[in-house]
Structure formats: C-alpha cells, structure tokens
Amino acid sequence: KETRMNRRILNTTNMLGGAHRFCLDHPLTPPSTKATALIAVVGTSYTTMLTLGSAQSGGTADWQNGTDQRSLAAQALRDELRELVDTARALDAELYPAAGAVRMPRSSSMQALRDRAQAVLTAIGPIKAAFVAMDWPADVDEQFAALISDYDTATLDQSEGRYDQMEATAGL
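In what follows, the accompanying structure is described. (Residues numbered from 1 in each chain as written. Predicted model: local features only at pLDDT ≥ 70, side-chain atom pairs only at ≥ 80, totals over all residues. Heavy atoms only, no water.)

### Re helix α1 (residues 4-25)
Argument step 1. Helix length check: α1, at 22 residues, gives a terminal C-alpha distance of 31 Å against a target of 32 Å (1.5 Å per residue), a fit within 8%.
Argument step 2. Where the residues of α1 are buried, they touch α2 (33-90). (Helix = DSSP H or I, 4+ residues; strand = E, 2+ residues; numbered from the N terminus. Expected span 1.5 Å × (residues − 1). Contact = heavy atoms within 4.5 Å.)

### A look at the pattern of salt bridges
Argument step 1. Using the criterion set out here, one finds 4 salt bridges in the structure.
Argument step 2. Linking Arg21 and Asp25 is a salt bridge whose minimum nitrogen-to-oxygen distance equals 3.1 Å. With Arg21 and Asp25 both in helix α1, this residue pair falls 4 residues apart, about one helical turn.
Argument step 3. Judged by its relative accessible area of 47%, Arg21 falls in the partly exposed class.
Argument step 4. With a relative accessible area of 43%, Asp25 lands in the partly exposed category.
Argument step 5. Residue Arg82 is joined to Asp86 by a salt bridge in which the shortest nitrogen-to-oxygen separation is 3.6 Å. Of this pair, Arg82 and Asp86 both sit in helix α2, 4 residues apart, which is roughly one turn of the helix.
Argument step 6. Judged by relative accessible area, Arg82 falls into the partly exposed class, the value being 34%. (Salt bridge = Lys/Arg side-chain N within 4 Å of Asp/Glu carboxyl O. Buried < 20%, exposed > 50% of the residue type's maximum accessible area, 1.4 Å probe, protein only.)

### Some remarks on the environment of Gly53
Argument step 1. Tracing the backbone shows Gly53 in helix α2.
Argument step 2. Sequence separation of Gly53 and Ala168 is 115 residues, and the distance between their C-alpha atoms is 6.9 Å.

### Quick look at the environment of Thr47
Argument step 1. You can see Thr47 is positioned in helix α2.
Argument step 2. Thr47 gets classed as partly exposed once you look at its relative accessible area, which sits at 46%.
Argument step 3. Residues Thr47 and Gly17, 30 residues apart in the sequence, show an inter-C-alpha distance of 8.5 Å.

### What about the packing of α1 against α2?
Argument step 1. The contact between α1 and α2 brings their axes to 9 Å, and the two run at 140 degrees. Here α1 lies oblique to α2, going by the angle between them. In the packing of α1 onto α2, the handedness of the crossing is left-handed. In contact with Ile9, Thr12, Thr13, Leu16, Gly17, Ala19, His20 and Cys23 of α1, α2 contributes Ile39, Val42, Gly43, Ser45, Tyr46, Met49 and Leu50.
Argument step 2. Tallied by class, residues from the contact of α1 with α2 come to 9 nonpolar, 6 polar and no charged. (Axes fitted to C-alpha atoms, helices over the stretch in contact; angles between N-to-C directions. Parallel < 35°, antiparallel > 145°, perpendicular 65-115°, else oblique. Left-handed = near helix turned anticlockwise from the far one by under 90°. Nonpolar A, V, L, I, M, F, W, Y, C, P; charged D, E, K, R; others polar.)

### Focus: a negative patch on the surface
Argument step 1. Taken together, Asp62, Asp157, Glu160, Asp164 and Glu167 make up a surface patch of like negative charges.
Argument step 2. Structurally, Asp157 is set in helix α4 (residues 140-171).
Argument step 3. The partly exposed category is assigned to Asp157, whose relative accessible area is 39%. (Patch = residues over 30% accessible without salt bridge, like charges linked within 9 Å, V, L, I, M, F, W, Y side chains within 5 Å. Areas by Shrake-Rupley, 256 points an atom, 1.4 Å probe, with all protein chains shown as cover. Lys, Arg positive; Asp, Glu negative; His and termini not counted. Charge placed at Lys NZ, Arg CZ, Asp CG, Glu CD.)

### Points about the side chain of Thr13
Argument step 1. Following the sequence through the fold, Thr13 ends up in helix α1.
Argument step 2. Accessibility expressed as a relative area gives 11% for Thr13, which makes it buried.

### Quick word on the packing of aromatic side chains
Argument step 1. This model, assessed by the stated rule, comprises 1 aromatic pair.
Argument step 2. Ring centres of Phe131 and Trp136 lie 6.1 Å apart, and the angle between their planes is 80 degrees; on these two criteria the pair is classed as edge-to-face.
Argument step 3. Arg162 extends its terminal NZ or CZ atom over the ring of Trp63, reaching a point 4.1 Å from the ring centre. (Phe/Tyr/Trp six-rings, centres within 6.5 Å; stacked < 30°, edge-to-face > 60°. Lys NZ or Arg CZ within 6 Å of the ring centre and 35° of its normal.)

These results come straight from atomic positions and should not be treated as a statement about function.
See below:
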C-alpha cells in the first residue's frame, strides 16, 4: 500500500527530475546567471532525493538482513545454551554447586537469552573442568563467548540498518 507521504516524495522526485532534464535539454539563450543557479539547485535537489531514496532502501535491506542474522545467531546461542544446561544438570550438585546457576532463561525474549547467556558464561568459569571431563572442548567458554559476540554483532547490524533507513527517510 502506498502512503500519502510516499506518493508525495515520488511526485517531488519526478517533478525535480523532469524539470532538471528539461533545463538541460533546452539551454537558455542568452544565459542567465540567476536561472543557471536555480537550475543547479534543482539538479542538486534531484540528485539528493535519489541518493536518499537509495539509502532508505539500502537501510531497509540491511535492517531486514540484520534481523535474519540475529535470529540465526539467537538460535545458535539458544541451542548451545541448552546443551550446556543439560550437561550442568548431569553434574553432581554437591561436588559442583555452581552448576545450578547454569539454566535456560525463563522468558523467550532475545534480551533474556542474551542476559542468561552472559550469566552462564560467568558461571561456567569455576566448573569448566567438569565440562571438559564430560567431553566438552577445553575452550568451551571461549566458544560460548564467541556465540554471544556473534549475537551482539548481529544485533548491532540490525540496529544500524534501521538507523540508516530512518535517517534517509527523515532526509527525504
């Protein structure tokens, strides 16, 4: 559905482009400095509208791609967290009391997942040897930290794409 604002921007861009093209195709004789200056302003405005429209579309694409990447990163983080939780539950609670802190988030929100992942990363430190003894890699904490970092990067990419899209929209 096309909004009134989109129609207005499209009409303005088309008007500027048509006026600029007409001025280029039909030069003034004799030349006028004031008219030449106004023609330059029309041309600059037209180019600016095209540039902002392209930036708006590119920002939307970056935002949507960032959303997809964030979902994939969240799923990878959630899957790894689930495996860590399952392993922690198998540990002897008396021998490794810190294993009780390794839990899934209560909420299914992205922020709850991110917060819990960071808490689990901290909790794994003192009981890392127990995870390694249960066939986890020696750098289990570093690998998990990398998943958190991937999630954070995807979140930032999503936010930057949205910002770029809104900035170009405001410019239009």
